[in-house]
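# Architecture and fold: a report
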Amino acid sequence: MLEEYPKTISLKDGSTVICRPMVKKDEGPLLEFFTSLSKADRLYLRDDVTNPEVVRSWVQDLDYDRVLPILALSDDRVVANATLHRNPYGWMRHVGAIRMVVGEGFREKGLARSMAAEVFQNAIAAKLEKITAEMLTDQHDARRVFSRLGFQEEAVLKDHVLDADNVPHDLLIMTNDVNTLWQKWMEFSESVSGSWNMED
Amino acid sequence: MLLSHYPKEIQLKDGTSVILRPMTRSDEGALLDFFTSLTDEDRLYTRSDVANVRVVRSWFDQIDYQRVFPLLAVSGDEIVGDATLHRKPYSWMRHMGGIRIIVAPDYRKLGLARILADELIENAVDEGLERLTADVVVDQDIAIEVFTRLGFRKEATLKDYVLDAEDVKHDLVMMTKDIGEQS
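First, a word on what this report is: a plain description of the structure on this page. (Residues numbered from 1 in each chain as written. Chains lettered and ligands numbered in written order. Predicted model: local features only at pLDDT ≥ 70, side-chain atom pairs only at ≥ 80, totals over all residues. Heavy atoms only, no water.)

This paragraph deals with the overall build of chain A. On a plain count of helices and strands, chain A comes out with 6 helices and 8 strands. Ordering the α and β elements of chain A from the N terminus gives β-β-α-α-α-β-β-β-α-β-α-β-β-α. Computed over C-alpha atoms, the radius of gyration of chain A comes to 16 Å, within 12% of the 16 Å expected from 2.2 N^0.38 for 200 residues, which places it in the range of a compact globule. For chain A, the residues scored as buried account for 47% of the 200 residues in total. Roughly 9400 Å² of accessible area belongs to chain A as shown, and the carbon and sulfur atoms make up 48% of that amount. In chain A, which carries 24 positive and 33 negative side-chain charges, the distance between the mean positions of the two groups comes to 1 Å. (Helix = DSSP H or I, 4+ residues; strand = E, 2+ residues; numbered from the N terminus. Rg over C-alpha atoms; globule rule 2.2 N^0.38 Å. Buried < 20%, exposed > 50% of the residue type's maximum accessible area, 1.4 Å probe, protein only. Areas by Shrake-Rupley, 256 points an atom, 1.4 Å probe, with all protein chains shown as cover. Lys, Arg positive; Asp, Glu negative; His and termini not counted. Charge placed at Lys NZ, Arg CZ, Asp CG, Glu CD.)

This part covers the sheet that holds strand E2 (residues 16-21) of chain A. Residue and element names in this part refer to chain A. As summarised here, the arrangement of the 8 strands in space is E1-E2-E3-E4-E5-E6-E8-E7, forming an open sheet in which the pairing is mixed. Lying at the two open borders of the sheet, with one neighbouring strand each, are strand E1 (7-10) and strand E7 (152-162). Strand after strand, the sheet turns through a mean of 25° between neighbouring axes, direction not considered. Taken together, the 3 bridges between strand E5 (residues 95-102) and strand E6 (residues 130-136) define a ladder with parallel strand orientation. Considered in E6, the bridge of Val-95 is made with Lys-130. Together, E1, E2, strand E3 (67-74), strand E4 (77-85), E5 and E6 form the strand contacts of helix H4 (residues 111-125), whose direction differs from that of E4 by roughly 35°. (Pairing = 2+ DSSP bridges. Axes fitted to C-alpha atoms, helices over the stretch in contact; angles between N-to-C directions. Contact = heavy atoms within 4.5 Å.)

All names here are of chain B. The 8 strands are arranged E1-E2-E3-E4-E5-E6-E8-E7 in an open sheet whose pairing can be described as mixed. The sheet is open, and its two borders are formed by strand E1 (8-11) and strand E7 (153-163), each paired with just one other strand. Across the sheet, the mean angle from the axis of one strand to that of its neighbour is 25°, orientation sign disregarded. Pairing analysis gives 4 bridges linking strand E2 (residues 17-22) to strand E3 (residues 68-75), with the strands arranged antiparallel. From the neighbouring strand, Leu-20 faces E3, where its bridge partner is Ala-73. Running at roughly 100° to strand E4 (residues 78-86), helix H1 (residues 28-36) makes contact with E3, E4 and strand E5 (96-103) of the sheet.

A separate point is the pattern of salt bridges. Tallied over the entire structure, the rule returns 30 salt bridges over all chains. The partner of A:Lys39 in a salt bridge is A:Asp165, and the shortest N-O contact between them spans 3.2 Å. Of this pair, A:Lys39 sits in helix H2 (residues 39-43) while A:Asp165 sits in the loop between E7 and strand E8 (168-177); the two residues are 126 residues apart in sequence, bridging distant segments of the chain. Owing to a relative accessible area of 43%, A:Asp165 belongs among the partly exposed residues under this scheme. The partner of B:Lys169 in a salt bridge is A:Glu129, with the nearest N and O atoms 2.6 Å apart. Taken together, the residues span two chains, with B:Lys169 in strand E8 (residues 169-178) and A:Glu129 in the loop between H4 and E6. Its relative accessible area of 35% is what places A:Glu129 among the partly exposed residues. Because the salt bridges share partners, they merge into one network encompassing B:Arg131, B:Arg153, B:Glu155 and B:Asp178. (Salt bridge = Lys/Arg side-chain N within 4 Å of Asp/Glu carboxyl O.)

This is the structure in structure tokens:
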């Protein structure tokens with residue numbers, strides 16, 4: 001699977017980005033990407049990405065079997081980051097979690113869908129059976145995107161999340177069987193363009 | 001963490017005393033022995049594959065009590081209980097702590113699990129955490145009973161989230177307990 005990278009992704013506006021797994025030398029560009037996000041975007045991120053120590057630990061402890069980070073790059077700048085999280089030696093070894101952040105100038109161009117497709121294909125290659133996505137109940141856009149991909153709302157955990165301003169929020173766990181996911185992608189792909197470059 | 005509280009000697013229901021103290025690097029061998037002493041049935045439902053030496057060793061590579069605080073119950077040179085408090089300090093779950101407890105077969109029904117849980121709760125409160133979670137497999141009646149007695153309640157059931165050591169799927173029950181100032 002990893003030997004297929006780097007790949008070129010075509011966006012709706014005709015521009016292209018390169019996507020590939022993150023490597024150690026991406027530390028600087030990744031930190032720049034996160035600090036370029038608006039405060040509103042960062043409010044609901046799982047990790048404090050403005051803390052250089054946090055980003056450094058991700059880059060220094062790279063282990064694709066645990067966390068596979070896929071970057072989208074435009075002119076050597078990181079414009080999106082999608083990750084597949086696994087725990088290969090635990091009781092959740094059949095489950096993968098997806099997380100994704102897309103940069104401001106690259107939204108509504110189908111990039112999130114393409115990045116999700118990369119993560120899902122890697123999940124299938126890793127023989128995972130279930131994918132989870134966690135978001136705040138208030139993140140309506142994310143809920144809509146994952147619902148359209150066949151994700152079901154599995155549980156709501158009250159006040160499980162503290163946002164960057166220390167306001168508590170409920171956490172929504174959505175899950176999808178990898179087999180169902182694959183079918184949805186195929187249907188969606190055929191109905192739209194017959195290619196992997198998804199466009200809404 | 002309340003490191004100055006340890007080592008601490010405690011008495012079990014049958015009068016035996018054990019020492020509680022945080023895990024250090026030198027405990028690697030003893031911890032591996034402890035996990036091998038568990039029955040197959042015990043290991044069926046452990047969150048991590050504790051029979052895998054590499055998994056257990058990896059815990060010793062980066063001991064960081066702010067992320068994982070492992071509190072051991074020790075009798076002589078032998079580990080008889082392992083309780084851990086798991087946190088994600090720079091994340092949106094920085095107010096939460098996860099609790100995991102394993103007690104050696106010969107030391108069960110002596111109140112040790114409860115003592116270990118109380119110690120972790122005390123540490124969590126001291127750290128300013130607001131809520132604790134404990135994940136158990138839906139069929140683990142005893143674990144559910146222990147956590148219920150400690151004031152945990154079932155928050156959510158996640159279908160087929162657990163694959164046991166024999167690759168059979170089970171539902172995961174997430175239990176939570178509020179420990180914040182308002183609770």
